Each structure stands twice: as C-alpha cells, then as structure tokens.
Amino acid sequence: MIAEFGHIALILALCLALVQGILPLIGAARGIDNWIALAPQAALGQAVLVAFAFGCLTYAYVTSDFSVLNVAENSHTLKPMLYKISGVWGNHEGSLLLWILILVIFGAAVAVFGGNLPATLKARVLSVQGLIGVGFLAFILFTSNPFSRLLPPPLEGRGLNPLLQDPGLAFHPPFLYLGYVGFSVAFSFAVAALIEGRVDPAWARWVRPWTLAAWCFLTLGIALGSWWAYYELGWGGWWFWDPVENASFMPWLAGTALLHSAIVVEKRDTLKSWTILLAILTFSLSLLGTFLVRSGVINSVHAFATDPTRGVFILVFLGIVVGGSLALYAFRAPALQAVGVFAPLSREGALVLNNLLLAVACAAVLLGTLYPLALDAISGAKVSVGPQYFNAVFVPLMVPLVAAVAIGPMLAWKRGDLAAALQRLVPAAIAVLVALGLGLWLMDARNFYSLLGLGLGAWLGIGALCEVALRVKLFSAPVSETMNRARFLPRAAWGMTVAHLGVAMLVLGITVSETWQVEVQQVMKPGEIAKVGPVEYRFLGVTPIKGPNYTAQQGRFEVLEAGRVVREMRPAQRRYQQPPMETTEAAIRPSPVADLYAVVGEGDAQRGWAVRLYWKPLVSWIWLGALVMAFGGVLSLSDRRHRVGAPVRRRQAAPSAAE
Amino acid sequence: MRLAYLVPLVLFLLVGLGLAIGLTLNPREIPSALIGKPVPEFSLPPVQGRTLGLATADLKTGEPSVVNVFASWCVPCRVEHPLLLALKRDGIAPVHGLNYKDDPADVAKWLDQLGDPFTRTGADRNGRVGIDWGVYGVPETFVVDGGGNIVCKHVGPLTDWDLDNKIRPLLRDLKAGQPSKVKC
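Every value quoted in this text rests on a predicted model; they were computed, and no experiment measured them.

Definitions and cut-offs
- Residues numbered from 1 in each chain as written.
- Chains lettered and ligands numbered in written order.
- Predicted model: local features only at pLDDT ≥ 70, side-chain atom pairs only at ≥ 80, totals over all residues.
- Helix = DSSP H or I, 4+ residues; strand = E, 2+ residues; numbered from the N terminus.
- Buried ≥ 20, exposed ≤ 12 C-beta atoms within 10 Å, placed from the backbone.
- Contact = placed C-beta atoms within 7 Å.
- Rg over C-alpha atoms; globule rule 2.2 N^0.38 Å.
- Pairing = 2+ DSSP bridges.
- Axes fitted to C-alpha atoms, helices over the stretch in contact; angles between N-to-C directions.
- Core = buried A, V, L, I, M, F, W, Y, C linked by C-beta atoms within 7 Å.
- Parallel < 35°, antiparallel > 145°, perpendicular 65-115°, else oblique.
- Left-handed = near helix turned anticlockwise from the far one by under 90°.
- Nonpolar A, V, L, I, M, F, W, Y, C, P; charged D, E, K, R; others polar.
- Expected span 1.5 Å × (residues − 1).
- pLDDT = per-residue confidence, 0-100.

Draft legend 1. Structural detail: the overall build of chain B. Across its full length, chain B holds five helices and seven strands. For chain B, the N- to C-terminal ordering of α and β elements is α-β-β-β-α-β-α-β-α-β-β-α. For chain B, the spread of C-alpha atoms along the three principal axes comes to 80 × 40 × 30 Å. Across the 184 residues of chain B, 38% fall into the buried class. For chain B, contacts bridging at least 24 residues in sequence account for 72% of all contacts bridging at least 6.

As structure tokens, this is what we get:
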C-alpha cells in the first residue's frame with residue numbers, strides 16, 4: 001500500500017505543478033490577485049506531496065520491500081542501513097525522485113523566504129519553477145516510475161554495486177543535486193525578469209543568495225565526488241575529465257561566472273543581459289549534465305542507468321526549456337538597458353575578464369565533452385578526448401584568471417588605477433619571489449608549470465590577504481581601529497577573501513602534489529622496506545579477512561619516518577559476492593602536509609605482492625581548498641544585506657491579496 | 001545588433017541536433033581491437049561435470065565456430081540462453097562456452113537446468129583468459145573462422161534479429177569460404 005500512496009502523491013504533485021505553472025503566470029499578466037496568490041500555496045503543497053512520496057520510497061528501502069521492483073533491483077537485506085537509505089538515490093528512478101524533491105524544496109523556500117519579493121515577480125518565479133517540475137514529474141511518472149511493483153516478489157534483492165557502497169558516494173549525489181537544482185531558482189528569476197521586461201539592482205540582490213547557495217552545494221558536491229574517486233578507485237588520481245565529471249563541472253564554471261556578474265548588476269546596474277544569459281546557461285548546463293548521464297549518449301564508468309527512450313524524453317524537455325528560454329531571451333533581452341558605464345580598467349572590467357575566461361573555459365570543456373559525440377554523429381568514428389586536451393586548453397585559461405583574481409578587488413568601481421593596485425600588491429609580489437626561490441633551490445623544481453603554479457598560488461593567497469589588510473588598515477592605523485574595521489567589514493567581503501584563499505589553496509595543492517608526488521610500484525615480500533620520498537614503508541604481509549558481505553586480502557605496512565614507526569596502514573583487495581566484483585581499498589593517511597597512500601595488488605607468499613605506494617604532498621589542500629571556497633560562499637550568504645533591509649524597488653508593485 | 005541575441009539560441013539548436021543524432025546511435029557498437037586478429041593463446045579446463053575443455057587449438061580446426069562468454073550470475077545470459085540452444089540445433093557451427101568468473105557448482109546446475117548448448121566449455125574462474133579476449137562484460141559472443149581468427153564480436157545479449165542477420169549468415173559465408181557482406 002505504501003508504494004501506491006507514494007505513486008498517488010506523485011500524480012497529485014504533477015497536477016499541482018500544472019496549476020502552479022499556468023495560473024499564477026496568467027494571473028500576473030492579467031492582474032488577477034487570487035491567481036497570483038496561488039503560487040506560494042501550490043509550491044508548498046507540492047513540496048509536501050513529493051516529500052511524502054520520497055518518504056514512501058525510503059520506507060520501502062528500509063523495510064526491504066522487494067515487491068517494489070526498484071528496491072528488488074537495487075537493495076539487499078544484508079546491506080548496512082546507511083546504504084539501504086543511500087540506495088534510494090543510488091539508481092536512476094530514485095535519483096530522479098531526489099532531484100524533484102530538491103526542486104520542490106527550493107520552490108517552497110522561495111515561497112517562504114521570498115516575502116520581500118513583489119507579488120508578481122514571486123508568482124512568475126514560482127510559475128517557471130512549477131513548469132520545470134511538470135517536466136520532471138511527467139518524466140518520472142511516464143518513463144521511470146520508482147513505485148512499479150514486481151510480482152511475485154523475490155526473496156532477496158539484487159544488491160548494489162559495491163563500488164557505490166561508500167559513505168563519500170552516499171552523500172555525493174544529494175550535494176551535487178542541491179547545486180544543479182539550486183541553479184533552477186536563478187533560471188526562474190531570469191525567465192521571470194525577461195517576462196516582466198526589467199532587471200535592476202534589486203533583482204540581482206534577490207537572485208544572488210539562491211545562486212550562492214547552489215554554488216556552495218555544487219562546490220561541495222564536486223569536491224566529494226573527486227575525493228571519492230581519489231580514495232575508492234585506487235588510482236591515486238582525483239580528477240579524470242570523465243564526461244560525468246565534466247557534466248557537473250560545466251554548471252560550476254558558468255555558475256561561478258554568474259556569481260560574479262550578478263555583483264556587477266547589483267552594484268552598478270549594468271551587464272544585465274549577459275547576467276540573464278548566464279543564469280539561463282548555468283541551469284541549461286545542469287540539465288545537459290542530467291541528459292548526458294541519464295540518456296546513455298556518452299559511455300562512462302559512472303552511468304549506472306541508461307535507457308534511450310528516457311534520452312528522447314530528456315532531449316525534448318531540454319529543447320523546450322533551453323530553446324524556449326533562449327528564444328524569450330532573443331526577444332526581450334535587447335530591451336534591457338545598461339545604466340552604469342565603466343572604463344575597461346575598473347572593478348567591472350576585472351569582473352568582465354573573469355566572466356570571459358570562465359565562459360571560454362566552460363565552452364572548452366563542453367566542446368571536449370561533446371566532440372566525441374559530434375564526430376560519431378558525423379563520421380561514425382569513435383574517439384575519446386583525453387586529459388591532454390583538457391589540460392592543454394584549461395591551464396592557459398586559468399593562469400590569467402588566477403593572476404587577475406588578486407588584482408580585481410584592488411580596483412575601484414567605474415575607473416580603476418592599475419598602477420596603484422599593483423603597488424598595493426607588492427607584498428604578494430615578494431611572496432611570489434619567495435615561493436619561486438623555495439621551489440627552485442629547496443625543492444629543485446625543473447618544470448615551468450610547477451614554478452608557475454607555485455607563483456600563482458602565492459600571488460593569489462597573499463594578494464587576497466593584502467586586500468583585507470588594506471580594508472582594515474592593518475599596520476597603518478591603531479590596533480583598536482583595525483579591530484573595529486574588521487568587525488564591521490561586511491560578511492560578503494570576508495566571504496570573498498576566504499573564497500579566493502580557497503582558490504589559492506587549490507592551486508598550490510594541485511601544483512605541489514602533481515610535481516613532487518613520489519610513486520613506487522614494485523613487488524614486495526614480507527619484511528622488505530621501500531623508500532617513498534621522505535618516508536619508508538615496511539611490508540608486513542597479507543592476511544585474508546572476512547567482512548559482512550565480502551572477503552578480502554588485507555596487506556599490512558608500517559610507515560617509518562626517520563627510522564621510527566609512525567603508523568600502520570592496511571590496504572585491501574575486496575571480493576564481493578552479491579554481485580561478484582572486486583574492489584581496491586586503498587589505505588590512506590591524510591594530513592595537511594602530505595598524504596600517504598598504499599594499494600596492495602595480486603600476489604602470493606613465494607613471489608611477493610604487487611604494491612603501489614605513494615607520498616603525495618599537499619594533495620589534501622585540493623579538497624580543503626574547495627571546502628574553504630564553499631565556506632567563503634556561506635559567509636557571503638550570511639551577509640546582513642540578504643537578511644535585513646529588504647531591497648525596495650522604486651516603483652511599488654501591485655499589492656497582492658492573502659499575503 | 002539585435003541578431004546577436006539570437007546567437008545563443010542558434011548555437012543551442014545545433015547542439016540539440018547533434019544530441020538527437022547521438023541518441024540514434026547504438027552505444028553497444030564498440031569496435032573491438034581484436035577483430036581480424038587470431039584468438040589469444042589459452043587453455044582452460046571444462047566446467048564441472050563436462051569433459052571437453054576449451055583451448056586455442058580447438059578454434060583452429062578449419063571449421064568456423066562461435067564462442068559465447070557467459071556466467072550463471074548474469075541475468076542477460078539467461079535471456080539469450082534459448083537462442084544459443086537454437087543455434088546449436090541449427091548445426092551450422094559448434095558453439096563453445098567461455099564460463100567467466102563463475103562458481104563451479106552454480107554453472108553445473110545452470111547447464112543442467114536450462115540445457116547445454118555448448119560443444120566445449122572453458123572455466124575461466126579468475127577471468128584471466130577473459131582479459132586476453134578483451135571481455136568487459138557478460139554476455140559477449142565471438143565468431144571465429146576456421147583459421148582461429150576473430151571475425152565478429154557481439155556485446156550484450158543476442159536477439160533473434162542478431163542471429164538471423166549477423167551470426168547465421170556470417171557462419172554460412174565462412175563455411176562456404178566466401179567473403180561475407182555481414183557487417184559486425
């Protein structure tokens with residue numbers, strides 16, 4: 001019965017989404033107050049219904065109700081409870097339901113927290129949100145019903161891919177989806193603004209917190225996914241330019257650009273049509289990501305559920321949403337007048353440069369992701385675009401971007417003084433020299449890119465600190481004044497500094513770990529010692545162990561630093577029975593200085609075991625950097641101006657009933 | 001100037017067209033590097049309860065043959081099983097089984113219950129021979145000519161259509177010693 005209740009709740013949610021998508025839109029156009037007032041209620045109702053449906057599916061998983069096809073295919077009674085629950089979204093139907101749940105939660109959040117929005121704008125935003133919901137609810141109900149029954153029910157479920165039985169992966173999709181779907185709010189605001197025909201600083205201020213929140217979630221989601229690949233796949237890599245990774249990276253690049261261009265709209269009332277376009281493109285790339293992953297167009301290790309009929313549905317939906325909004329843009333955007341003018345050398349100019357570089361980088365990733373598909377469509381040739389392409393185009397774009405990030409905040413709005421800005425960055429320039437010196441003489445860097453990365457990291461890190469030091473008049477004013485200034489500096493300013501420091505950490509982490517990583521691959525017998533960078537690994541042997549649903553060969557290593565045992569590490573090869581599959585469990589000791597990483601392969605007592613041992617300096621800074629970036633976003637989100645002092649438009653919108 | 005605002009739409013329509021064409025392509029058609037190459041060197045014992053194992057020499061008898069990679073834990077294998085039995089009844093060419101990463105008792109039970117379409121079987125318990133064959137999923141089906149060269153590789157379960165339009169005509173052409181028009 002529970003599954004049927006869930007199914008009915010989804011059908012009701014679809015009906016409500018239709019109402020929410022149509023009536024308030026007409027109401028806002030004709031000035032029918034009752035219809036306008038319908039939007040928030042419909043959004044809340046939808047959230048309740050979809051949350052109920054999601055609860056029903058979760059219940060079926062928790063109780064291992066194998067009469068539900070989806071549960072029988074993806075769960076197993078022996079699975080730990082955490083993975084029974086994460087199994088809800090570890091498959092196509094369930095992940096789609098999670099997507100919709102997040103969509104309606106964002107819709108409900110706009111309804112609840114959007115109290116300061118003009119009623120017509122709010123109604124239009126929620127309507128667009130409702131229309132997106134119609135598409136996804138129809139998709140799930142007509143092509144991927146998670147509540148289909150299976151008769152007779154099997155005694156045991158078919159398990160879950162053991163690769164996916166992992167805490168990192170259990171929480172990776174929710175964060176990724178919070179990011180993807182969060183951009184739907186920015187999209188809805190953009191479409192609503194195009195319908196209304198006006199974009200002003202107030203609009204930018206309303207849309208910014210939603211974009212920031214989505215961006216923070218997406219940053220965390222991508223970082224979690226990359227971390228999972230690092231410790232679970234056992235290759236020691238952390239980014240593979242895999243189509244599925246790119247699918248999440250493209251909206252991130254576009255969203256980062258959107259975040260920055262929205263500042264220009266808010267502060268200077270210009271760059272409007274570009275910001276609108278970015279909002280549309282960011283969500284479109286999220287949808288494209290869904291299409292690429294779910295349709296089976298691109299083969300990838302990650303695509304665990306693919307079906308061409310679903311692909312057709314998503315493609316049609318993509319065409320309506322993206323084609324429709326871009327057509328609307330082509331009609332209405334020319335009417336958006338820029339008010340603020342600015343010189344190329346100014347804060348606005350720096351932000352335009354940021355947008356330009358991010359947009360080109362995003363286009364390059366899109367090209368690399370779609371090129372194999374295009375070539376296949378035209379000539380039938382099967383190729384894959386490797387990391388060489390992405391590194392070759394991506395790095396030259398990121399270098400000027402990172403260099404400019406330190407300078408941009410130093411420039412004034414409207415007309416900046418580059419010479420003065422550079423003068424204030426003298427400490428950063430000194431830091432670059434120190435970093436290069438360290439790299440050349442202490443660490444013996446022979447690679448141009450390594451030196452470039454070190455220099456950029458130091459430049460941006462110290463540059464960001466310089467900016468905040470100037471603002472609080474560090475050393476140039478009495479300590480008490482500095483403290484006061486620091487206290488009253490807007491949270492958004494701190495957020496920017498912290499996020500930029502995160503970028504610097506990321507750059508340093510990537511550079512140092514790629515350049516100075518030590519990898520040793522060899523066959524070892526018990527008792528032997530391998531020297532890996534500054535540490536030594538002593539191999540103790542391999543013992544068979546038994547887990548709840550697998551058996552494993554577990555290797556044991558002692559790690560010696562300066563001849564002293566500091567740590568034991570136990571990498572393993574697991575062999576699962578349901579379904580039969582082998583996984584590599586790397587042993588990792590993370591630390592801010594250097595990660596130790598050990599993998600044990602096949603072998604036996606006579607010939608020894610094949611092992612891979614690493615010393616990876618600063619590699620954890622990659623994820624710490626992403627974490628710090630997201631924290632900067634949260635700081636900025638908590639800024640006073642988003643909480644109090646509701647922005648008021650010059651012309652008051654028509655008063656609405658029932659609010 | 002106004003036309004500039006149409007650029008995003010036009011670009012998107014082009015991408016959409018490309019994706020639409022992409023959807024019509026078959027992701028299963030993965031070219032194998034082994035087509036036209038001799039089968040790898042291997043020798044496997046028979047699965048539990050059978051007497052004839054499978055080795056490289058068994059595929060170089062002058063007669064074309066079919067090698068089917070299967071496992072008892074593989075659900076699509078169960079789907080294609082009746083078709084393999086039908087192919088055996090045709091008697092055009094022997095069908096051999098490469099049993100991939102399977103439990104000996106399970107596979108014996110499977111063949112006893114569902115019927116045994118295979119002339120010879122090889123038990124590849126650790127999957128080593130499968131790697132040499134370029135197997136990356138079960139089921140996969142290979143057509144081998146009399147000289148022991150791989151002529152065709154089919155990924156995924158066989159269907160009636162595959163048998164009628166690919167496997168059977170190809171085997172007949174190979175038997176008759178004429179160049180085949182069948183595309184793999």
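There's more to say after this.
Draft legend 2. Highlighting the overall build of chain A. Per the secondary structure count, chain A includes 20 helices and ten strands. Whereas a compact globule of 659 residues would reach a radius of gyration of roughly 26 Å, chain A reaches 27 Å, a difference of no more than 12%. A principal-axis box enclosing the C-alpha atoms of chain A has dimensions of 85 × 75 × 55 Å. A buried classification covers 52% of the 659 residues belonging to chain A.

Draft legend 3. Spatial organisation of the pairing of strand β6 (residues 572-576) of chain A. Residues and elements named next belong to chain A. Across five bridges, the pairing between strand β4 (residues 550-561) and β6 is antiparallel. Among the inter-strand pairings, T551 is bridged to a residue of β6, identified as R575. When β6 meets strand β7 (residues 581-585), the two strands line up antiparallel, connected through five bridges. If you follow R574 over to β7, its bridge partner there is T583.

Draft legend 4. Molecular detail of the sheet that holds strand β6 (residues 140-144) of chain B. Residue and element names in this part refer to chain B. In spatial order, the strands read β5-β4-β3-β6-β7; together these five strands make up an open sheet with mixed pairing. The strands lining the two open edges of the sheet, one partner per strand, are β5 (121-124) and β7 (150-155). Strand-to-strand twist of the sheet, defined as the mean angle between neighbouring strand axes without regard to direction, takes the value 15 degrees. The sheet contacts of helix α5 (residues 160-176) involve β3 (65-70), β6 and β7, and relative to β7 the element is tilted by about 170 degrees.

Draft legend 5. Here's a closer look at the sheet that holds strand β9 (residues 594-604) of chain A. Residue and element names in this part refer to chain A. Strand order in this open sheet of four strands is β1-β10-β9-β8, and the pairing throughout is antiparallel. Only two strands of the sheet have a single neighbouring strand rather than two, namely β1 (518-524) and β8 (587-589). Direction aside, neighbouring strands of the sheet carry axes that sit 15 degrees apart on average. Pairing of β8 with β9 involves three bridges; the strand directions are antiparallel. Residue pairing in the sheet places R589 in a bridge with L596 of β9.

Draft legend 6. Structural view of the nonpolar core. Ranked by size, the top nonpolar core spans 216 residues in total, and within it I100, A186 and A598 of chain A carry the most contacts. Apart from the residues lying within four places of it in its own chain, the contact partners of A598 of chain A are Y537, F557, M569, P571, A586, A587, V611 and L613 of chain A. Within the second largest apolar cluster, 39 residues are counted, among which are V69, C74, L163 and L171 of chain B.

Draft legend 7. Region of the structure containing unusual backbone geometry. Residue and element names in this part refer to chain A. L151 connects to P152 through a cis peptide bond whose omega is -10 degrees. On the secondary structure map, P152 appears in the loop between α6 (119-143) and α7 (167-196). Despite not being glycine, D269 has its phi angle at roughly 55 degrees, a positive value. Even without being glycine, A562 reaches a positive phi, approximately 55 degrees. Tracing the sequence through the fold places A562 in the loop between β4 and β5 (564-569).

Draft legend 8. Spatial organisation of the environment of F106 of chain A. Residue and element names in this part refer to chain A. Here F106 shows up in helix α5 (residues 92-113). Residue F106 is classed as buried on the basis of its C-beta count, with 24 C-beta atoms lying within 10 Å. In sequence terms F106 and A43 are 63 residues apart; their C-alpha atoms lie 9.2 Å from each other. When neighbours within four sequence positions are excluded, F106 is seen to be in contact with V181, G182, S184 and V185.

Draft legend 9. The packing of helix α8 (residues 201-232) of chain A against helix α19 (residues 620-637) of chain A, seen in detail. All names here are of chain A. In the contact formed by α8 and α19, the axes pass within 9 Å of each other and the chain directions differ by 165 degrees. Judged by the inter-axis angle, α8 sits roughly antiparallel to α19. Between α8 and α19 the crossing geometry is left-handed. From α8, P209, L212, A213, W215, C216, T219, L220, A223 and W227 reach across to α19, where they touch W623, A626, L627, M629, A630, G633, V634, S636 and L637. When grouped by side-chain class, the residues that make up the contact of α8 with α19 number 15 nonpolar, three polar and no charged.

Draft legend 10. Molecular detail of α19 of chain A. With 18 residues, α19 of chain A should cover 26 Å at 1.5 Å per step; its first-to-last C-alpha distance of 26 Å lies within 8% of that length. Judged by how many residues are buried, α19 of chain A sits mostly within the fold: 14 of 18 residues are covered.

Draft legend 11. Representation of the environment of V69 of chain B in the model. Residue and element names in this part refer to chain B. By secondary structure assignment, the location of V69 is in strand β3. Since 24 C-beta atoms lie within 10 Å of it, V69 is described here as buried. For the pair V69 and H96, spaced 27 residues apart in sequence, the C-alpha separation works out to 8.7 Å. Excluding its chain neighbours within four sequence positions, the residues that come into contact with V69 are L98, Y100, G130, V135, V138, P139 and E140.

Draft legend 12. The environment of T121 of chain B, seen in detail. All names here are of chain B. Its location among the elements puts T121 in strand β5. Overall, T121 belongs to the buried group, with 26 C-beta atoms counted inside 10 Å. Distance in space between the C-alpha atoms of T121 and T56 is 12 Å, their sequence separation being 65 residues. Discounting residues that sit within four places of it in the chain, T121 has contacts with P46, V47, R50, L54, H96, G97 and N99.

Draft legend 13. Structural detail: the confidence of the model for chain B. Taken as a whole, chain B shows an average pLDDT of 85; of its residues, 93% reach a score of 70 or greater. Model confidence for the complex: the whole-complex pTM is 0.81, and ipTM, which rates the interface, is 0.76.

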